[in-house]
Amino acid sequence: MPFPSCSDLSRQQEIHLIGTAPQTQYFVMIECPPPWGHSIQQAKFLPPSLRKMIGDSAYKKLGIRFFLISNDETMVKHRSVKDLACDSDGDPNSGSGQEDLQWRILIFRRPDGFAATYQSHELWVSSLAEATVAIRGYFAGNRPAYPSQDIPARDIFVCTHGQRDRCCGCYGYPFYREAKQLSQRWNMPNLRLWQISHIGGHRFAPTLIDLPQGRYYGRMDMERFKLLALQQGDWRLLLDAYRGWSLLPKPLQCLERLLWRNQGWQWLAHAISYELLHADEQQQRWQAQFVHRDAYGSMQEWWADILEDNASRAEVMGSCGDEKTEAVKIYQVATLQAIGDMEKRVA
């Protein structure tokens, strides 16, 4: 791999990760064998109907983000299709006589009100050509039309989309293989590992999403993966790789990281609600009320003043091969006040 890569330069510049998780209302993960092309709409085995849906602005307005996913089971199913035959719709399963094969659609929805995780649901279709109808039905409320279940598992999605950016292939894929071996050794049947298409932030490769929590991580290694998977040990080491929580807008993600740092692993059981009281992109200032509720129902409310940290602002290579750099926004909690308590300054 020619160097320097965007991931290597990011490490050398010690670019902060927090505040880089895209806020997301819905994740829609479609099981589809690679190759996925530079854009998932160019994926080899994606039917035209799904290509059209992924590019439909109406779904984007609803806050829906589409991804393609794959694991070892996906490839076994793909190989079992006779001669890897595709029908005219480009679907590797349709018309193959393999009706017992089930392709998964994982949907994660941000709940209304207080939220600690996304609500998760899983649909099964016998062909990718059926996925478009199933997804439309889900968002229209017609959920019983396809075999489905609420997801009891925890899913970790590692970006290995090397056709989008080579760092995710060179760093993401080896990380995925090693993490999968370790998770099998630890005998964690409710933890599923997936390869996923572009999730953003390939300059932080290896990068991943932990769902249904919705937390993003980057610059991962096996020590941090063990902390993440088992949720035991020194959580502060994991915070060095923490990109943020997709339940929150980017400026508030630094606040949530601060609260996690102070409270430890128990923080992951807290549900949160927030209100942006003031948001001024030009003045680079955000003020918010932030409430969190623990597993026992006890609540704490905070008022926070958040600024963009221009002193830490950096110009980075967004992707490998880019000739132009882009500015990275770094946020900091300037003032944090517990409602009813005296002010605590943290900057």
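Above this text is the structure in question.
Since this is a predicted model, take the numbers as computed values, not measurements.

Peer 1: Hey, could you run me through unusual backbone geometry in this one?
Peer 2: Most peptide bonds adopt trans geometry, and most residues besides glycine take a negative phi value. Of the consecutive residues Pro34 and Pro35, the connecting peptide bond is found in the cis state with omega at 10 degrees. Of note, Pro35 is situated in the loop between β1 (26-31) and α2 (48-54). Cis peptide bonds are those with omega within 30 degrees of zero, and the linkage from Leu211 to Pro212 qualifies with 20 degrees. Inspection of the secondary structure puts Pro212 in the loop between β8 (208-211) and β9 (215-217). One non-glycine residue, Arg219, lies in the positive phi region at around 50 degrees. Take Arg219: it is sitting in the loop between β9 and α7 (222-230). Relative accessible area serves as the criterion here: at 13%, Arg219 is assigned to the buried category. Phi is positive for Gln231, which is not a glycine, with a value near 50 degrees. Following the sequence through the fold, Gln231 ends up in the loop between α7 and α8 (235-239). The class of Gln231 is partly exposed, set by a relative accessible area of 26%.

Peer 1: Whenever I open this one, α7 confuses me. Can you help?
Peer 2: Given 3.6 residues per turn, any residue in an α-helix points the same way as the ones three and four places further on. Within α7, the full set of buried residues consists of Met222, Arg224, Phe225, Leu227, Leu228 and Ala229. Of the surrounding elements, those touching the buried residues of α7 are β6 (154-159), α6 (166-185), β7 (191-196), β8, β9 and α8.

Peer 1: Any chance you could explain the layout of surface pockets here in plain terms?
Peer 2: Unoccupied space between atoms shows up once a probe the size of one water molecule is rolled over them. In this structure, the second largest pocket occupies an estimated 320 Å³ of space. If you tally residues by element for the lining of the second largest pocket, the top one is strand β2 (residues 64-70), at 4 residues. In the lining of the second largest pocket, the residues fall into 6 nonpolar, 5 polar and 3 charged.

Peer 1: Before we go on, may I ask you to explain the pattern of salt bridges in this structure?
Peer 2: In a structure, side chains of opposite charge can pair up when their charged atoms sit close to one another. With the rule as written, the count across this model stands at 13 salt bridges. The closest approach of N and O atoms between Glu31 and Lys77, which form a salt bridge, is 2.9 Å. With a gap of 46 residues between them, Glu31 in strand β1 and Lys77 in helix α4 (residues 72-80) connect regions that are remote in the sequence. Taking relative accessible area as the criterion, Glu31 reaches 0% and is therefore assigned buried. Between Asp221 and Arg224 there is a salt bridge whose closest N-O contact spans 3.1 Å. Taken together, the shared-partner salt bridges in this structure form one network comprising Glu73, Arg104, Glu122, Asp155 and Arg192.

Reading the values: the criteria
Residues numbered from 1 in each chain as written. Predicted model: local features only at pLDDT ≥ 70, side-chain atom pairs only at ≥ 80, totals over all residues. Heavy atoms only, no water. Helix = DSSP H or I, 4+ residues; strand = E, 2+ residues; numbered from the N terminus. Buried < 20%, exposed > 50% of the residue type's maximum accessible area, 1.4 Å probe, protein only. Contact = heavy atoms within 4.5 Å. 1 Å grid on protein atoms, 1.4 Å probe; cavity = no way out; pocket = protein on both sides within 12 Å on 5 of 7 lines; lining within 4 Å. Points joined across faces, edges and corners; volume = space filled by probe spheres on them. Nonpolar A, V, L, I, M, F, W, Y, C, P; charged D, E, K, R; others polar. Salt bridge = Lys/Arg side-chain N within 4 Å of Asp/Glu carboxyl O.

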